[in-house]
Amino acid sequence: SDHQLEYPLSPNDMDWRKLYPYFYDESKGDMTKEVTIADIGCGFGGLLIDLSPAFPDKLILGMEIRVQVTNYVEDRIIALRANNVKTNAYQNINVLRGNAMKFLPNFFHQAQLEKMFFCFPDPHFKQRKHKARIITNTLLSEYAYVLKEGGIIYTITDVLDLHEWMAKHLTEHPLFERLSQEWEDQDECVKIMRHATEEGKKVERKKGDKYVACFKRLPTPEII
Ligand code: SAM
């Protein structure tokens, strides 16, 4: 459970060097880059692995609550790095075990992130379980805090009711604006997200539908 999880007191206490040693500058004693892309509930890591070569200059972090799944993704990334020593491929991705519904601001500064992915989140079908969903009004304000202006929230699911729920909450939130179908059609990440994740592949095998909704982080209104 959460009680065994360790969280940094603030983003400055995070030791990112451990996760992305290639992006640590020994002489400066600091990271050369910070994480700007987060995959929330990354599962087995398929999205991270496909995003890695598409965004070689960005640090990408998967967050996953299940221990064994996190360990599996860690091992997968270690193997990929070991097989690509010459090119340094896959140095820009890693995974962290944690509850993304809590303490996100402990990991990320305000406006740090450019993109957040919510791929096939757990549906929590029953009405009384809806509050456990990863998109709720309170959590959206936290996501808005860590996302920079113009940053994007990507959502995809095969559960129509969950899609409608996520789209409704995001649309109603004053700091998010839904992006058009035309925007989705031209966006590289939407293409990747449709096919990269393990859950997405499962849906493909079952010939199920996939529902996408993307949202832009709006400027925070000035308080007069
Ligand atoms: N995104 C992956 C995919 O598309 O294949 C995994 C989808 S799976 C249905 C949902 C994942 O979210 C599970 O691996 C689950 O452990 C993880 N998860 C659920 N709640 C979470 C939370 N609060 N923080 C981090 N991960 C969470």
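Structure report, in brief. Note that the structure is predicted; figures quoted are calculated from it, not measured.

### Regarding the sheet that holds strand 8 (residues 176-178)
With mixed pairing, the seven strands of this open sheet are ordered in space as 5-4-3-6-7-9-8. Each edge of the sheet is formed by a strand with only one pairing partner; in this case those strands are strand 5 (93-97) and strand 8. Adjacent strand axes in the sheet meet at a mean angle of 20° when their direction is disregarded. Relative to strand 4 (residues 59-64), strand 3 (residues 35-40) runs parallel, the two being bridged by five bridges. Opposite Asp-39, over in strand 4, you have Gly-62 as the bridge partner. Across the face of the sheet, helix 2 (residues 46-54) comes into contact with strand 3, strand 4, strand 5 and strand 6 (113-119) while running at roughly 180° to strand 4. Together, strand 6, strand 7 (147-157), strand 8 and strand 9 (211-217) form the strand contacts of helix 5 (residues 137-146), whose direction differs from that of strand 7 by roughly 130°.

### Examining the layout of surface pockets
When its volume is computed, the largest pocket comes out at roughly 760 Å³. Residue lining of the largest pocket: 36 residues in total, with Gly-41, Glu-64, Phe-120, Pro-121 and Asp-122 positioned closest to the centre. Of the residues forming the lining of the largest pocket, the biggest block, five residues, is contributed by helix 9 (residues 198-205). Across the lining of the largest pocket, the residue classes tally to 17 nonpolar, eight polar and eleven charged. Estimates place the volume of the second largest pocket at around 350 Å³. Lining the second largest pocket are 14 residues, and of these Glu-6, Met-14, Leu-19, Leu-96 and Arg-97 lie nearest its centre.

Parameters at a glance
- Along every chain, residues carry numbers that run from 1 in the direction the sequence is written.
- With pLDDT at 70 or above as the cut-off, local features in this predicted model cover only qualifying residues; side-chain atom pairs require 80 or more to be listed or tallied, and sums for whole chains, interfaces and linings still use all residues.
- Hydrogens and waters are ignored; side-chain quantities use all the structure's heavy atoms.
- DSSP calls a pair of strands paired once it identifies at least 2 bridges connecting them.
- Every helix listed is a DSSP run of H or I at least four residues long, and every strand listed is a run of E at least two residues long, numbered separately from the N terminus.
- Where helices are involved, their axes are fitted lines through C-alpha atoms of the stretch in contact, as for all axes, and angles between N-to-C directions lie from 0 to 180°.
- For this analysis, residues touch if any pair of their heavy atoms sits within 4.5 Å.
- In this analysis, the protein atoms alone were mapped onto a 1 Å grid. Cavities are point sets where a 1.4 Å probe fits without being able to get out; pockets are open sets with protein on both sides within 12 Å along at least five of seven lines; lining residues have an atom within 4 Å of a point.
- Grid points are joined across faces, edges and corners, and a volume is the space filled by probe spheres set on the points.
- In this classification, Asp, Glu, Lys and Arg are treated as charged, Ala, Val, Leu, Ile, Met, Phe, Trp, Tyr, Cys and Pro as nonpolar, and every other residue, Gly included, as polar.

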